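Close look at the chain arrangement
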Amino acid sequence: MSDAMTLLQPARQHDEIDRLRRIIRDHRPDISRFVDIYKDIHQHPELSCFEARTASVVAKGLKDMGFSVTSSLGGYGVIGLLFNGLGKVILLRAELDALPIEEKTGLSYASKVRMADNEGRDQPVMHACGHDVHIAALLASLQLLYSARQAWSGTLIALFQPNEEIPGGAQAMIDDGLYNKCPRPDIMLAQHVGMSKAGLVAVRTGPVLPASDYIELEIFSKGIGANPPECRDPVSLAGYLLTRFQAIIGSDIDVRGDYATLKCRDFRAGSPGDLFTNKVYMRLEIKTTETIDRDNIFSRVEAITRAECKSSGGDIVSSVSMTPRAPVTRNNTTLAEALQDCFGSYFGDRFWVPPMDTPVEDFSILGGPKPVPFVYWKLGSTDPAKWDEAEKKGGNILEHLPSNHSPEFAPAPELTISTGMEAMALAALLFAERKAESE
């Protein structure tokens, strides 16, 4: 099965799945070592753009395995290369950064870290999104793949990305010459823990996460003073605009894609003690899966803002601009279907097909200017016993269990990391070239 396209067929042969199962069984490392790494990183989290210690832990782990390592790409980004003969170049990615959240899990290895963010503000720090799990699972899968290198051929790029949460780290690594340090990948793979039972794996085709774009809007009154006839109030106008914007989706435009939202993420007006405020700043976020929906929403925001400022009497002016935040995360259909079939055979009833989720990611940017096909899937992380107990209570399970970005978010380490290791190693083996038995 050296032909690359053979491994992309949806219908998997039982002997091939059995071969992959044997490789993982025979070469799986002691997971406790990687659980220890996870707990260490969890206890010592670092904010976006400040991931120095985490990057050093990753770099040492890669070197100890036998990977060629390059550090400090796009900040504290790290890549590890393993050249293992002819075949595809496969990029496997995890993230390094944590969040400005005060941990309240009560775990023995809970974070008590505080540090200054990139604006100099003192912040509590916690791995509340699961990036510590991703790091440990990827390192474990790399150890497995290194041990099993007689069974496959090709090149692995193990990429540990800084600054995903803001985001910006993917583009920073590209801009810092990532592909001067390693070959361009043929396929990219990534996984993310989510709100489901630990031990489960979920893959979908098409859009996995929406794109995100910020609209920055300023409304400025040209008058001076607190007398309304002399100086119109931009705050009341801004409040009205926020209400008006909510009618854009569903009333003003027909959404073409799978998903579209428009929400206010920031609203600033004046300072304590001001008698009058002459400027309002708003930041809105558009999430869409199709560019035409994003453009139509922005056009309506711009048109409504200008019309309302004009109708106010002419002494209120505005500026409206849009800045991309993250592109849509859209799985390659052929690769995703192949992985669905493979995971379904390997994991059995632990595999499922999820709906589209609504956070955003910059993972797809790692392909560079020429898009690279990828698959991005979800890992369950909640302790199964706690999940079952929450289900018995009925209602919305989010009322009973903490999810990503909660100060109480606490994945079940052993099962989640073990499943993530298997999933990432299995995906890499699926798409890599199979070595002949005589090699």
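Residues numbered from 1 in each chain as written. Predicted model: local features only at pLDDT ≥ 70, side-chain atom pairs only at ≥ 80, totals over all residues. Heavy atoms only, no water.

Topic: the overall build of the chain
Applicable threshold: The numbering of helices and of strands both runs from the N terminus, where a helix is a DSSP run of H or I of at least 4 residues and a strand a run of E of at least 2. In this setup the radius of gyration rests on C-alpha atoms only. A globule is expected at 2.2 Å times the number of residues raised to 0.38. Under the scheme applied here, a residue whose accessible area is under 20% of the maximum for its type counts as buried, over 50% as exposed, and between as partly exposed, the area being computed with a 1.4 Å probe on protein chains only. Whether two residues are in contact is decided by their heavy atoms: any pair within 4.5 Å suffices. For every accessible area listed, the method is Shrake-Rupley and the probe measures 1.4 Å; residues are considered covered only by the protein chains on display. Counted as positive: Lys and Arg. Counted as negative: Asp and Glu. His and the chain ends are not counted at all. Taken as the charge centre is NZ of Lys, CZ of Arg, CG of Asp or CD of Glu, depending on the residue.
Secondary structure assignment for the chain yields twelve helices and 17 strands. The C-alpha atoms of the chain give 24 Å as radius of gyration, which agrees with the globular expectation for 439 residues (22 Å, within 12%). Along the first, second and third principal axes, the C-alpha set of the chain runs to 90 × 50 × 45 Å. Split into buried and exposed, the 439 residues of the chain put 53% on the buried side. Counting only contacts in the chain whose residues sit at least 6 apart along the sequence, the fraction spanning at least 24 positions is 82%. Approximately 18,900 Å² of the chain is accessible, and the part contributed by carbon and sulfur atoms is 49%. Computed over 46 positive and 58 negative side-chain charges, the inter-centroid distance for the chain is 1 Å.

Considerations on the side chain of Asn163
Examined against the element boundaries, Asn163 turns out to sit in the loop between strand 6 (152-161) and helix 5 (169-175). For Asn163, a relative accessible area of 12% corresponds to the buried category. Look past the residues within four positions of Asn163 in its chain and what remains in contact with it is Ser48, Cys49, Glu51, Asp97, Gly168, Gly169 and Asp362.

Quick notes on the packing of aromatic side chains
For clarity, the threshold we go by: Two rings belonging to Phe, Tyr or Trp (six-membered ring only in the last case) form a pair when the distance between their centres is within 6.5 Å. Interplanar angles under 30 degrees mark stacking, angles over 60 mark edge-to-face geometry, and anything in between is tilted. A positively charged side chain is recorded as over a ring if its NZ (Lys) or CZ (Arg) lies within 6 Å of the ring centre. The angle to the ring normal must also be within 35 degrees.
Per the stated rule, a full pass over the model turns up seven aromatic pairs. Ring plane angle 70° and centroid distance 5.9 Å describe the contact between Tyr38 and Tyr109, whose orientation is recorded as edge-to-face. Linking Tyr38 in helix 2 (residues 31-43) with Tyr109 in the loop between strand 3 (89-95) and strand 4 (114-116), this pair joins segments that are 71 residues apart in sequence. The class of Tyr38 is buried, set by a relative accessible area of 0%. Accessibility expressed as a relative area gives 9% for Tyr109, which makes it buried. An angle of 40° between the planes, with centres 6.0 Å apart, marks the rings of Phe363 and Tyr376 as tilted. Here Phe363, found in the loop between strand 15 (351-352) and strand 16 (374-382), pairs with Tyr376, found in strand 16; they are 13 residues apart in sequence, far enough to count as distant. Of the residues examined, Phe363 reaches a relative accessible area of 0% and is grouped as buried. The exposure class assigned to Tyr376 is buried, which follows from its relative accessible area of 3%. Following the ring pairs from residue to residue traces out a cluster consisting of Phe343, Tyr346, Phe347 and Trp377. Across from the ring centre of Tyr146, 3.9 Å away, lies the NZ or CZ of Arg149, which sits over that ring. The ring of Tyr214 carries the charged tip of Arg283 above its face, separated from the ring centre by 4.7 Å.

Overview of the layout of surface pockets
Selection criterion: A 1.4 Å probe that fits into a set of points on a 1 Å grid over the protein atoms alone but cannot get out defines a cavity; an open set with protein on both sides within 12 Å along at least five of seven lines defines a pocket, and lining residues are those with an atom within 4 Å of a point. Grid points are joined across faces, edges and corners, and a volume is the space filled by probe spheres set on the points. Under the grouping applied here, Gly and all other residues not named as nonpolar or charged are polar, the nonpolar ones being Ala, Val, Leu, Ile, Met, Phe, Trp, Tyr, Cys and Pro and the charged ones Asp, Glu, Lys and Arg.
Considered as a void within the structure, the largest pocket measures approximately 1,500 Å³ in volume. Sorting the residues of the lining of the largest pocket by element identifies strand 7 (187-197), strand 11 (260-269), strand 12 (279-288) and strand 16 as the ones contributing at least two each. By residue number, the principal contributor to the lining of the largest pocket is strand 7, which donates five residues. Of the residues in the lining of the largest pocket, the class split is 21 nonpolar, eleven polar and 15 charged. In terms of lining, the second largest pocket is formed by 17 residues, of which the most central are Lys386, Leu401, Pro402, Glu408 and Ala410. When contributions to the lining of the second largest pocket are tallied by element, the ones reaching two or more residues are strand 16 and helix 11 (384-393). The element best represented in the lining of the second largest pocket is helix 11, accounting for four residues.

A word on the pattern of salt bridges
Cut-off, in case you're wondering: Take a side-chain nitrogen of Lys or Arg and a carboxyl oxygen of Asp or Glu: if they are within 4 Å of each other, that pair is a salt bridge.
As enumerated under the stated definition, the model contains 25 salt bridges in all. The shortest N-O distance in the salt bridge between Asp64 and Lys60 comes to 2.8 Å. Placement of the pair is Asp64 and Lys60 together in helix 3 (residues 52-65), with a separation of four residues, close to one helical turn. We note that Asp64, like Lys60, is exposed. The partner of Arg300 in a salt bridge is Asp252, and the shortest N-O contact between them spans 3.1 Å. Placement of Arg300 in helix 9 (residues 291-311) and of Asp252 in helix 8 (residues 248-252) is noted, with a sequence separation of 48 residues between them. On the basis of relative accessible area, Arg300 is assigned to the partly exposed category, the value being 27%. When salt bridges that share partners are traced, they join Arg93, Glu95, Glu361 and Asp362 into one network.

Looking at the sheet that holds strand 11
Cut-off, in case you're wondering: Pairing between strands requires that DSSP locate at least two bridges from one strand to the other. Orientation is described by axes fitted as lines to C-alpha atoms, over the contacting stretch for helices, and by angles from 0 to 180 degrees between their N-to-C directions.
One open sheet holds the four strands; their spatial order is 11-12-10-13, and the pairing between them is antiparallel. The sheet is open, and its two borders are formed by strand 11 and strand 13 (316-326), each paired with just one other strand. This sheet shows a mean twist of 20° between the axes of neighbouring strands, independent of strand direction.

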